[in-house]
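# Summary of the model geometry
Spelled out from the first residue to the last, the chains are:
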Amino acid sequence: MAATMKKAAAEDVNVTFEDQQKINKFARNTSRITELKEEIEVKKKQLQNLEDACDDMMMLDDEDSILIPYQIGDVFISHSQDETHEMLEEAKKNLQGEIEALESRVESIQRVLSDLKVQLYAKFGNNINLEADDS
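Residues numbered from 1 in each chain as written. Predicted model: local features only at pLDDT ≥ 70, side-chain atom pairs only at ≥ 80, totals over all residues. Heavy atoms only, no water.

Summing up its helical and strand segments, the protein has three helices and two strands in all. Listed N to C, the secondary structure of the protein is α-α-β-β-α in terms of helices and strands. The buried share of the protein, taken over its 135 residues, is 21%. Restricting the contact set of the protein to residue pairs at least 6 apart, pairs at least 24 apart contribute 66%. Looking at the protein as shown, the accessible area adds up to about 10000 Å², and 51% of this sits on carbon and sulfur atoms. (Helix = DSSP H or I, 4+ residues; strand = E, 2+ residues; numbered from the N terminus. Buried < 20%, exposed > 50% of the residue type's maximum accessible area, 1.4 Å probe, protein only. Contact = heavy atoms within 4.5 Å. Areas by Shrake-Rupley, 256 points an atom, 1.4 Å probe, with all protein chains shown as cover.)

Structure, rendered in structure tokens:
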């Protein structure tokens, strides 16, 4: 008897066009958040590489007047140690700004997802699964 009532309750929920739009928006935003998180990880690795390069440059003697190759696009251009250090610091600063911007976008999308979850769970209850798979 209880199984029959659960089955009837599951069948009573009608999906309107607006509900389908919300579900689609939830799916798009979930996908976008995954892409942004992957992009953040790539940028954090790039930032770590720049920090490692700065650390390596500090180990050089200041008296050595060697030119250090710095990659710009596909080309390496030789600069003095000071110029290269300034360029690395500027690149780190830009990358940190990009990471912060991406993280703020992730937070704003997460707020939208939370709002959509509340609305969709209110209407569909246990008939809809909006939790991410950990597989």
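For the structure on display, the rule yields six salt bridges. Across the pair Asp-19 and Lys-123 runs a salt bridge whose closest N-O atoms are separated by 2.5 Å. With Asp-19 in helix 2 (residues 17-58) and Lys-123 in helix 3 (residues 81-124), this pair connects stretches of sequence that are 104 residues apart. Note that Lys-117 and Glu-131 form a salt bridge whose closest N and O atoms lie 3.4 Å from each other. Taken together, the positions of Lys-117 in helix 3 and Glu-131 in the segment after helix 3 put the pair 14 residues apart, joining distant regions of the chain. (Salt bridge = Lys/Arg side-chain N within 4 Å of Asp/Glu carboxyl O.)

On to the UniProt feature "coiled-coil region" (unreviewed entry) in the protein, then. The feature "coiled-coil region" (unreviewed entry), as given by UniProt, occupies residues 33-60 and 85-119 in the numbering adopted here. Along residues 33-60 the backbone is 93% helical and 0% strand, and the end-to-end C-alpha distance reaches 41 Å. Across residues 85-119, the secondary structure splits into 100% helix and 0% strand, with the terminal C-alpha atoms separated by 51 Å. (UniProt positions renumbered as here; feature names shortened; annotations may be inferred.)

End to end, helix 3 covers 63 Å across 44 residues, agreeing with the expected 64 Å (1.5 Å per residue, within 8%). Taken from the residues just after helix 3, Gly-125 is the one with a positive phi, measuring 60°. (Expected span 1.5 Å × (residues − 1).)

Moving on, we get to the environment of Val-13. Positionally, Val-13 belongs in the loop between helix 1 (2-12) and helix 2. Residues Val-13 and Gly-125 lie 112 residues apart in sequence; the distance between their C-alpha atoms is 9.6 Å. Excluding residues that lie within four positions of it along the chain, Val-13 makes contacts with Lys-123, Phe-124 and Asn-127.

Here the focus is the pairing of strand 2 (residues 75-79). Pairing geometry for strand 1 (residues 68-72) and strand 2, over five bridges, is antiparallel. Bridging across to strand 2, Ile-72 finds its partner in Val-75. Connecting strand 1 to the next strand, strand 2, in antiparallel fashion are two residues, including Gly-73 with a positive phi near 70°. (Pairing = 2+ DSSP bridges.)

Following the sequence through the fold, Gln-81 ends up in helix 3. The exposure class assigned to Gln-81 is buried, which follows from its relative accessible area of 13%. Within the structure, Gln-81 has its side chain in polar contact with the backbone oxygen of Met-57 (distance 3.2 Å). (Polar contact = N/O pair within 3.5 Å; in protein donor to acceptor, adjacent residues only side chain to side chain.)

Moving on, we come to a nonpolar patch on the surface. There is a patch of nonpolar side chains on the surface, built from Ile-72, Val-75 and Ile-77 and spanning about 230 Å² of accessible area. Note on Ile-72: relative accessible area 41%, which makes it partly exposed. (Patch = residues over 30% accessible without salt bridge, like charges linked within 9 Å, V, L, I, M, F, W, Y side chains within 5 Å.)

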